[in-house]
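Summary of structural features
Take a look at the letters that make up each chain.
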Amino acid sequence: DVKVTQSSRYLVKRTGEKVFLECVQDMDHENMFWYRQDPGLGLRLIYFSYDVKMKEKGDIPEGYSVSREKKERFSLILESASTNQTSMYLCASSFRDRRNSPLHFGNGTRLTVT
Amino acid sequence: DAKTTQPPSMDCAEGRAANLPCNHSTISGNEYVYWYRQIHSQGPQYIIHGLKNNETNEMASLIITEDRKSSTLILPHATLRDTAVYYCIVRVQGDKIIFGKGTRLHILP
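Residues numbered from 1 in each chain as written. Chains lettered and ligands numbered in written order. Predicted model: local features only at pLDDT ≥ 70, side-chain atom pairs only at ≥ 80, totals over all residues. Heavy atoms only, no water.

Overview of the side chain of B:Gln38
Residues and elements named next belong to chain B. Along the polypeptide, glutamine 38 turns up in strand E3 (residues 32-38). Judged by its relative accessible area of 10%, glutamine 38 is buried. Among the polar contacts listed, one links the side chain of glutamine 38 to the side chain of tyrosine 87, at a separation of 3.4 Å. (Helix = DSSP H or I, 4+ residues; strand = E, 2+ residues; numbered from the N terminus. Buried < 20%, exposed > 50% of the residue type's maximum accessible area, 1.4 Å probe, protein only. Polar contact = N/O pair within 3.5 Å; in protein donor to acceptor, adjacent residues only side chain to side chain.)

Okay, here's the thing in structure tokens:
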């Protein structure tokens with residue numbers, strides 16, 4: 001089974017802190033994605049990556065950056081955490097150019113910024 | 001913007017078939033229809049996908065209309081564990097994937 005592992009299930013950080021959210025997948029997927037999920041707003045795409053060292057902005061990239069130094073790992077970085085970044089963060093991965101290539105999600109990191 | 005429209009919520013009696021509709025009237029010829037569901041406090045789970053033919057797997061069936069402008073996900077014998085938010089998504093392979101707000105399905109005992 002495909003496994004997408006997010007490093008923390010729950011995280012509490014203070015305003016202004018630098019926050020790293022880590023995601024690792026074990027299926028040699030080229031594509032990796034970071035979403036955030038908020039009540040009433042659904043899942044919104046922050047950043048995605050098609051390959052190592054490659055990144056593309058999603059719909060809400062402001063206040064975030066990402067790093068993809070290895071194929072299996074995709075990190076989301078909050079340079080200076082703010083309270084409006086309190087949210088559930090979901091990582092996902094998939095193959096890039098294969099017909100039967102659904103997204104596989106991790107179980108999420110619930111981040112609280114105080 | 002999401003390319004799909006779904007009802008915000010639906011109810012279904014336990015043991016009955018749950019039929020979840022999705023409109024995707026602007027779908028392009030090479031875009032697949034995917035369905036996911038999200039049970040509370042978990043990440044979304046893949047269910048099924050298709051291009052133009054109907055598809056069936058161990059979880060569900062997917063019926064796509066001939067003009068491909070809408071589809072229906074069918075859970076043949078709904079159980080309480082099927083209570084979740086169901087997302088219908090259209091995507092081109094390799095493209096970024098945009099989720100809509102989904103349908104909250106309540107299975108009633």
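Details of the interface of chain A and chain B
Chain A puts 25 residues into the contact, and the matching count from chain B is 21 residues. A combined buried area of about 1,900 Å² lies between chain A and chain B, and 49% of that area is made up of carbon and sulfur atoms. Between chain A and chain B we count zero salt bridges in total. Where chain A meets chain B, there are six residue pairs in polar contact (both at pLDDT 80 or more). Secondary structure elements with two or more residues in the side of chain A that touches chain B: strand E4 (31-38), strand E5 (42-49) and strand E9 (87-94) of chain A. The biggest single contributor to the side of chain A that touches chain B is E4(A), with four residues. Its residues assigned to classes, the side of chain A that touches chain B shows eleven nonpolar, eight polar and six charged. (Contact = heavy atoms within 4.5 Å. Buried area = accessible area lost by both parts, 1.4 Å probe. Salt bridge = Lys/Arg side-chain N within 4 Å of Asp/Glu carboxyl O. Nonpolar A, V, L, I, M, F, W, Y, C, P; charged D, E, K, R; others polar.)

Brief notes about the sheet that holds strand E1 (residues 9-13) of chain B
Picture the strands of a sheet paired through backbone hydrogen bonds; they go either parallel or antiparallel. Residue and element names in this part refer to chain B. The sheet built from five strands is open, its strands ordered E1-E9-E8-E3-E4 with mixed pairing. Both edges of this open sheet fall to E1 and strand E4 (45-50), since each of them pairs with a single strand only. Strand-to-strand twist across the sheet, computed as the mean angle between neighbouring axes with direction ignored, equals 25°. As defined by bridge partners, E1 adjoins strand E9 (residues 103-108) across five bridges and the pair is classed as parallel. Pairing of methionine 10 across the sheet is with leucine 105, part of E9. (Pairing = 2+ DSSP bridges. Axes fitted to C-alpha atoms, helices over the stretch in contact; angles between N-to-C directions.)

A word on the pattern of salt bridges
Residue and element names in this part refer to chain A. Applying the stated criterion to the full structure yields seven salt bridges over all chains. Of the charged contacts, one joins arginine 36 and aspartate 38 as a salt bridge, the two residues approaching to 2.9 Å between their closest N and O atoms. Its relative accessible area of 7% is what places arginine 36 among the buried residues. Here aspartate 38 falls in the buried class, since its relative accessible area comes to 11%. In this structure, lysine 53 and glutamate 69 form a salt bridge, with 2.5 Å as the shortest nitrogen-oxygen distance.

Thoughts on the state of the cysteines
Scanning all chains against the criterion turns up two disulfides over all chains. Across the disulfide from A:Cys23 sits A:Cys91; the S-S distance is 1.9 Å. In this structure, the disulfide formed by A:Cys23 and A:Cys91 twists by about -80° around the S-S bond and is classed as left-handed. Residue A:Cys23 is located in strand E3 (residues 19-25), and its partner A:Cys91 is located in strand E9; the two are separated by 68 residues in the primary sequence. One exposure class covers both A:Cys23 and A:Cys91, and it is buried. Residue pairing for B:Cys22: its cysteine sulfur links by disulfide to B:Cys88, the two sulfurs lying 2.1 Å apart. Between B:Cys22 and B:Cys88, the S-S dihedral sits near -80°, and the bridge is therefore left-handed. One end of the pair, B:Cys22, is in strand E2 (residues 18-23); the other, B:Cys88, is in strand E8 (residues 84-91), with 66 residues separating them in the sequence. B:Cys88 gets classed as buried once you look at its relative accessible area, which sits at 0%. (Disulfide = S-S within 2.5 Å.)

Taken by themselves, the reported measurements are silent on function.
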